[in-house]
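# Geometric and topological summary
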Amino acid sequence: MAATVTLIGLAGGQLPCGAAPALASARLVVGFAAALNTVRATARVGGGPGAPRTIEVPRAPGLPDTALDALAAAVAAGEPAVVLVPGDPGYFGALGALRDRGLPTECLPGVTDVQRVAALIQRPWDDVCVVSARGVDFRKAANLCRARPAVGVLTGPDAGPAELATALAGWRRTLVVLEDVGGPAEELSIVDPTEAAGRAWRFPNVVLCLSYLDRVGTPGWLAGWAPSVRQEDLGAAPEACALAQALLAPRPGSLVWDVVAGAGGIAIEAARRGAAVIAVEHDSGRLVRLRANAQRHGADIRLIDGSVPEALYGLPRPDGVYLGTARADVVETCVAAGADRIVVEVQDLGSIGPARDALADGGYAVDGRLLSSAPLLGLASGGAAVETATSTLLLWGTRR
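Not measured: the values here are computed from a predicted model.

Further remarks concern the overall build of the protein chain. Scanning the protein chain from N- to C-terminus turns up 13 helices and 19 strands. Structurally, the protein chain occupies a C-alpha span of about 90 × 50 × 45 Å along its principal axes. Within the span of the protein chain, comprising 400 residues, buried residues form 49% of the whole. The contacts of the protein chain with a sequence gap of at least 6 include a subset with a gap of at least 24, amounting to 64%. For the protein chain, the centre of its 35 positive side-chain charges and the centre of its 40 negative side-chain charges are spaced 4 Å apart.

Let's shift gears to unusual backbone geometry. Going from Phe 203 to Pro 204, the amide bond is cis rather than trans, its omega being 5°. When you line up the elements, Pro 204 lands in the loop between helix H8 (193–197) and strand E10 (205–210). Cis geometry marks the peptide bond from Val 308 to Pro 309; its omega dihedral reads 10°. The residue Pro 309 is located in the loop between strand E13 (302–305) and strand E14 (320–323) in this model. Positive phi is not limited to glycine here, since Gln 122 has a value of about 55°. The class for Gln 122 is exposed, based on a relative accessible area of 69%. A positive phi angle, close to 55°, is found at Ala 249, a residue other than glycine.

On to the pattern of salt bridges. Tallying each qualifying case throughout the model produces 14 salt bridges. A salt bridge links Asp 127 to Arg 123, with the nearest nitrogen and oxygen atoms 2.8 Å apart. The same class applies to Asp 127 as to Arg 123, namely buried. As a salt-bridge pair, Asp 357 and Arg 356 come within 3.1 Å of each other at their nearest N and O atoms.

Before going further, it helps to spend a moment on helix H5 (residues 113–120). Turning to H5, its buried residues are Asp 113, Val 114, Arg 116, Val 117 and Ala 118. Elements that come into contact with the buried residues of H5 comprise strand E6 (129–132), strand E7 (150–154), strand E8 (174–179), strand E9 (187–191) and E10. Phi turns positive, to about 55°, at Gln 122, one or two residues after H5.

This part is about helix H9 (residues 238–248). For H9, every residue scored as buried is listed here: Ala 240, Cys 241, Ala 244, Gln 245, Leu 247 and Leu 248. Mapping the buried residues of H9 onto a view down its axis gives an arc of 160°, with all of them on the same face. At the exit of H9 stands Ala 249, carrying a positive phi of roughly 55°.

The rules behind each value
- Residues numbered from 1 in each chain as written.
- Predicted model: local features only at pLDDT ≥ 70, side-chain atom pairs only at ≥ 80, totals over all residues.
- Heavy atoms only, no water.
- Helix = DSSP H or I, 4+ residues; strand = E, 2+ residues; numbered from the N terminus.
- Buried < 20%, exposed > 50% of the residue type's maximum accessible area, 1.4 Å probe, protein only.
- Contact = heavy atoms within 4.5 Å.
- Lys, Arg positive; Asp, Glu negative; His and termini not counted.
- Charge placed at Lys NZ, Arg CZ, Asp CG, Glu CD.
- Salt bridge = Lys/Arg side-chain N within 4 Å of Asp/Glu carboxyl O.
- Arc of directions from axis to C-beta.

This is the structure:
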């Protein structure tokens, strides 16, 4: 029978069922230091005649090429091998790298770190989105925590609890941190972002980021997801809103600014599509309506009461910006913020030129559309009448 690589997931230093036979027959064992120490008492790992070779690797989701090469050589020589990993090898783990090499594998998963944290605080986790901050754009992980009420974060170097907490300044969040996971100093802490940002955290660690510590999401059919919402009752013309959303491309991991947000039609729909959203509005009446609409539709939006462009200074860099004003100074401020896409609602034809120039001078390719739409009335009763048309002029820029 051909040799295989058995991936064994450890949880809190515990081996899953079936691990002992695989370790006893292994000729090569690859794992991080704490995992190798864990199995020394249950298998011939370490020194002594007949003991398998060992390769120590960092406690990380993947495997270095040297370890992958050694595993491939062992399989080619007909030698069974074992890889010791934290949690589930198939969940942001090493299984994918071994499959990419075409190596035959068996998988014995353990409980994931996110599962352990949720269990430690007695919380269901079917509403939890999980994101890996390891080796990717950290902004995406931070934006998901800004957007969703419950996010599990698999941390990494320079992307740990302190960095995440710093990025969450201005958002109401609670961080549940398990540090030194699986180690002798493993400890669970529940802190706010201000405290988390000032602490030194022992690695490895994992974070559960929550809007409310004691609130659990409504049971649904899809883990960690919320459906979209209709726009007709939010004061936004549906045709203009649809084009704006297509241009802004809100999605999990992105951040959208809705500037001069009005009733929040653009902001709420962007949030429901998975983006983190900052809505800026100075009019007190509109701000009250925006807050009520966001709450009614379950949209977790950061609201800022302030005048523009002053209220925009110091905000996190957006991926997309929707402007309810075409004032040139506001457009210039959004250009300087570095957004990839800026959509401007133009209400005064005289402001088209300055807004266009501000986008073009900032390195954006500029385009625009005048949208006119008129609803049909009486269809339900067998008639058909055309109501007076309304128009919306949108100007937009896409960074070259």
